[in-house]
2 protein chains.
Amino acid sequence: MSEDSSNLQGIVTNLQPPTASSPLVRKLGSLCLLSEEEISFLEGWQNNTIDVEAGVDFFVEGTERKTTFIMLEGWSIRYTVLSNGRRQILSYALPGDILGLHINFNAKATYSAAALSTSRLAVVDPRRILEIYQKFPILASGLSWATAREFAILGDQTVRLGRLSAKARLAHLLLELWHRLELIGNNEGNWLQLPMTQSDLADTLGLSLVHTNRSMAALRKSGLVSMTKNHIKLENIDALVQMAEFNPDHLAEFSI
Amino acid sequence: MSEDSSNLQGIVTNLQPPTASSPLVRKLGSLCLLSEEEISFLEGWQNNTIDVEAGVDFFVEGTERKTTFIMLEGWSIRYTVLSNGRRQILSYALPGDILGLHINFNAKATYSAAALSTSRLAVVDPRRILEIYQKFPILASGLSWATAREFAILGDQTVRLGRLSAKARLAHLLLELWHRLELIGNNEGNWLQLPMTQSDLADTLGLSLVHTNRSMAALRKSGLVSMTKNHIKLENIDALVQMAEFNPDHLAEFSI
DNA sequence: GCTCTAGTATATCATATGTTATAACCTTTT
DNA sequence: AAAAGGTTATAACATATGATATACTAGAGC
């Protein structure tokens, strides 16, 4: 796996080789060198995997949860459904992201999670998370950072919903996803390939489907994005960033 | 402090005596017995305190942060300000709540924090947090739970902004704060004493000041709340819960 | 080649919320 | 006691977004 196995704590050296193993290892190893031991511990974590079809829940709000999930492939959503059937998507999880890191007692899930596209997930016993904290301080910092990042992403979502116009909300979300895909190496240039429908976008942005479509059209008309069948192209990232007041720092990579 | 000092790991026994020390100890000790050692470690954590006047920031988005804060007294907010001056409050922190638990590397804060009322905060070196994970598994679970709870609270805020009407948003927020104050023993019956202005509420709920005021009036007119100078009374909690689709489980206390 | 269905697109009308303006009230300052 | 500034209250008007309806398109199944 990693070519250089020395554990130079605290010294930022170089990126992990891009071939590096699981998305989680890539993520945590992106800006600090991990030892062979750390890497193999993380990999061992992820031996127990499941496959989930698009549209299928892998945990449900209100039910007890005792496992933690790590996205290996595909996209998933965290979401809530209200009694009138309205759905609010809280956030998206991409390869390397962790779901339910903290719901590791007899607590009930406060949201549901479902695959957006066909996905592979690692299923982890949360007791193994405590092990990390006890044995691998660097990895522990990494997990802690990952948690802070999830919090920042949800904070951005809050700002979007509370203080941005429909058009800006959409632009902001597209930028978030583009940056996140960029960080995990899943982008080709300024093209975005998204697995969700406009209806999903609407439920993310707190808009109606019709108005989401209108906002998409507005972005197109102002030349900020263009679309083909399955792809969206960000035509002018600087202009998008400015109109949506997007702050890429919130997605920054882990650095110890 | 604690009368019963035996560490009965994993056995839910009884509440900490209500006299118990710091709000954080009360919070983490609320549903599981903490040993004398755990309690005194937590207390020692909080020796270094600062006082912050209402309206004063104690950290600012975009600046480097190396300390963690624990609310001892007073209220504070996490918030973001956009370039056009619009502000979005992400969440409120009450005594016992932790701010910046995870921003413990050379990362920049992704939001600002300010005191809403005169507050006392403990300032903690994040290295001491790793100690907890390494030495006190029960406390570590507690911190992990506290993190999950903050995440759930921010998730609720997302649902409020995305999928509730103005009136329901306000009701939902009042219920959240009432429940949280109830849990820390700061309520008298159905009365709420809030330190924030309607302008703060507006910036929390993603509304204009005028419409926040209108929504407050609407709640009053439908008999769901009543107000005196400094207090709000929840006249019919069941009806409020139903109309706002409020789920108190998200605020549940820690149980191992 | 048809039919079904999910998704996208657009138009029309309805309404929740924003904006601007003004006044009343309270607290603090002088 | 008056002035000043922040907060709450309400009205009148403007607009962003929601709701409903109807096509259009593309793929899936037969």
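Computed from a prediction, not measured in an experiment: that's the story for all the values here.

### Notes on the protein's contact with DNA strand D
Now for step 1: Surrounding DNA strand D, one finds 16 residues, the nearest of these being Ser 208, His 211 and Arg 214 of chain A together with Gln 198 and Asn 213 of chain B.
Now for step 2: For DNA strand D, a sugar or linking oxygen lies 3.5 Å from a polar atom in the side chain of His 211 of chain A.
Now for step 3: Between Asn 213 of chain B and DNA strand D, the recorded distance is 3.0 Å, taken from a side-chain N or O atom to a phosphate oxygen.
Now for step 4: Where the surface near DNA strand D is concerned, the elements lending two or more residues are helix H7 (209-221) of chain A together with helix H7 (209-221) of chain B.
Now for step 5: The element best represented in the surface near DNA strand D is H7 of chain B, accounting for five residues.
Now for step 6: The class makeup of the residues in the surface near DNA strand D is five nonpolar, seven polar and four charged.

### Thoughts on the relation of the copies chain A and chain B
Now for step 1: Rotating chain A by 180° about the axis while translating it 0.0 Å along that axis superimposes it on chain B, leaving an RMSD of 0.0 Å. Given the turn and translation reported, the copies of this chain are related as if by a two-fold rotation axis. Relative to the rotation axis, the C-alpha of Gln 134 of chain A is the closest in chain A, positioned 2.3 Å from it.
Now for step 2: An overlap of 100% is found between the interface residues of chain A and their copies at the interface of chain B, pointing to a shared contact surface.

### With respect to the interface of chain A and chain B
Now for step 1: In this assembly, 50 residues from chain A lie in contact with 50 residues from chain B.
Now for step 2: In this structure, the connection of chain A to chain B is made through two salt bridges.
Now for step 3: Arg 163 of chain B is paired through a salt bridge with Asp 203 of chain A; the nearest N and O atoms lie 2.8 Å apart.
Now for step 4: Here chain A is connected to chain B by 16 residue pairs in polar contact (both at pLDDT 80 or more).
Now for step 5: Elements with a minimum of two residues in the side of chain A that touches chain B: strand S4 (76-81), strand S5 (87-93), helix H3 (127-135), helix H4 (137-163) and helix H6 (198-205) of chain A.
Now for step 6: Among the elements that make up the side of chain A that touches chain B, the one with the highest residue count is H4 of chain A (18 residues).

### Description of the domain arrangement of chain A
Residue and element names in this part refer to chain A.
Now for step 1: Partitioning chain A into structural domains gives domain 1 (1-45), domain 2 (49-127) and domain 3 (164-251).
Now for step 2: Distance between the C-alpha centres of domain 2 and domain 3: 23 Å.
Now for step 3: Taken together, the contact between domain 2 and domain 3 spans eleven residues of the former and 15 residues of the latter.
Now for step 4: Carbon and sulfur atoms make up 58% of the surface buried where domain 2 meets domain 3, a total of about 1100 Å² over both sides.
Now for step 5: The salt bridge partner of Arg 87 is Asp 203, with a shortest N-O separation of 2.8 Å.
Now for step 6: Joining domain 2 to domain 3, the criterion identifies eight residue pairs in polar contact (both at pLDDT 80 or more).
Now for step 7: Counted by class, the side of domain 2 that touches domain 3 contains seven nonpolar, two polar and two charged residues.

### So, the protein's contact with DNA strand C
Now for step 1: Near DNA strand C you find 15 residues, and of these Gln 198 and Asn 213 of chain A together with Ser 208, His 211 and Arg 214 of chain B are the closest.
Now for step 2: Counting only the atoms of DNA strand C that lie within 4 Å of the protein, the sugar and phosphate share comes to 61%.
Now for step 3: A distance of 2.8 Å is found between a base nitrogen of DNA strand C and a side-chain nitrogen or oxygen belonging to Arg 214 of chain B.
Now for step 4: Looking at the surface near DNA strand C, the elements that each hand over two or more residues are H7 of chain A together with H7 of chain B.
Now for step 5: A total of four residues in the surface near DNA strand C trace back to one element, the largest contributor, which is H7 of chain A.

### Observations regarding the UniProt feature "domain: HTH crp-type" (unreviewed entry) in chain A
Now for step 1: Here, the residues flagged by UniProt with the feature "domain: HTH crp-type" (unreviewed entry) are residues 164-238 of chain A.
Now for step 2: End-to-end, the C-alpha atoms of residues 164-238 of chain A are 17 Å apart, and along that stretch the chain is 55% helix and 11% strand.

### Quick look at the environment of Leu 24 of chain A
All names here are of chain A.
Now for step 1: Checked against the element boundaries, Leu 24 lands in helix H1 (residues 23-28).
Now for step 2: Judged by relative accessible area, Leu 24 falls into the buried class, the value being 1%.
Now for step 3: Residues Leu 24 and Ala 148, spaced 124 residues apart in sequence, show a C-alpha to C-alpha distance of 16 Å.

### Some thoughts on the sheet that holds strand S9 (residues 191-193) of chain B
Residue and element names in this part refer to chain B.
Now for step 1: Read across the open sheet, the three strands follow the order S9-S11-S10; overall the sheet is antiparallel. Both outer strands of the open sheet, S9 and strand S10 (225-227), are each paired with one neighbouring strand and no more. The sheet shows a mean angle of 25° between the axes of neighbouring strands, direction not considered.
Now for step 2: Both S9 and strand S11 (residues 231-234) contribute to a ladder of three bridges, which runs antiparallel. In the strand pairing of S11, Trp 191 is matched with Lys 233.
Now for step 3: Sitting on the sheet, helix H5 (residues 166-183) is in contact with S9, S10 and S11, with an inclination near 90° to S9.
Now for step 4: Relative to the sheet, H7 contacts S10 and S11, its axis offset from that of S10 by approximately 110°.

The rules behind these values
- Residues numbered from 1 in each chain as written.
- Chains lettered and ligands numbered in written order.
- Predicted model: local features only at pLDDT ≥ 70, side-chain atom pairs only at ≥ 80, totals over all residues.
- Heavy atoms only, no water.
- Near = heavy atom within 4 Å.
- Polar contact = N/O pair within 3.5 Å; in protein donor to acceptor, adjacent residues only side chain to side chain.
- Helix = DSSP H or I, 4+ residues; strand = E, 2+ residues; numbered from the N terminus.
- Nonpolar A, V, L, I, M, F, W, Y, C, P; charged D, E, K, R; others polar.
- Least-squares fit on C-alpha atoms with pLDDT ≥ 70 in both.
- Contact = heavy atoms within 4.5 Å.
- Salt bridge = Lys/Arg side-chain N within 4 Å of Asp/Glu carboxyl O.
- Domains from an automatic or database assignment.
- Buried area = accessible area lost by both parts, 1.4 Å probe.
- UniProt positions renumbered as here; feature names shortened; annotations may be inferred.
- Buried < 20%, exposed > 50% of the residue type's maximum accessible area, 1.4 Å probe, protein only.
- Pairing = 2+ DSSP bridges.
- Axes fitted to C-alpha atoms, helices over the stretch in contact; angles between N-to-C directions.

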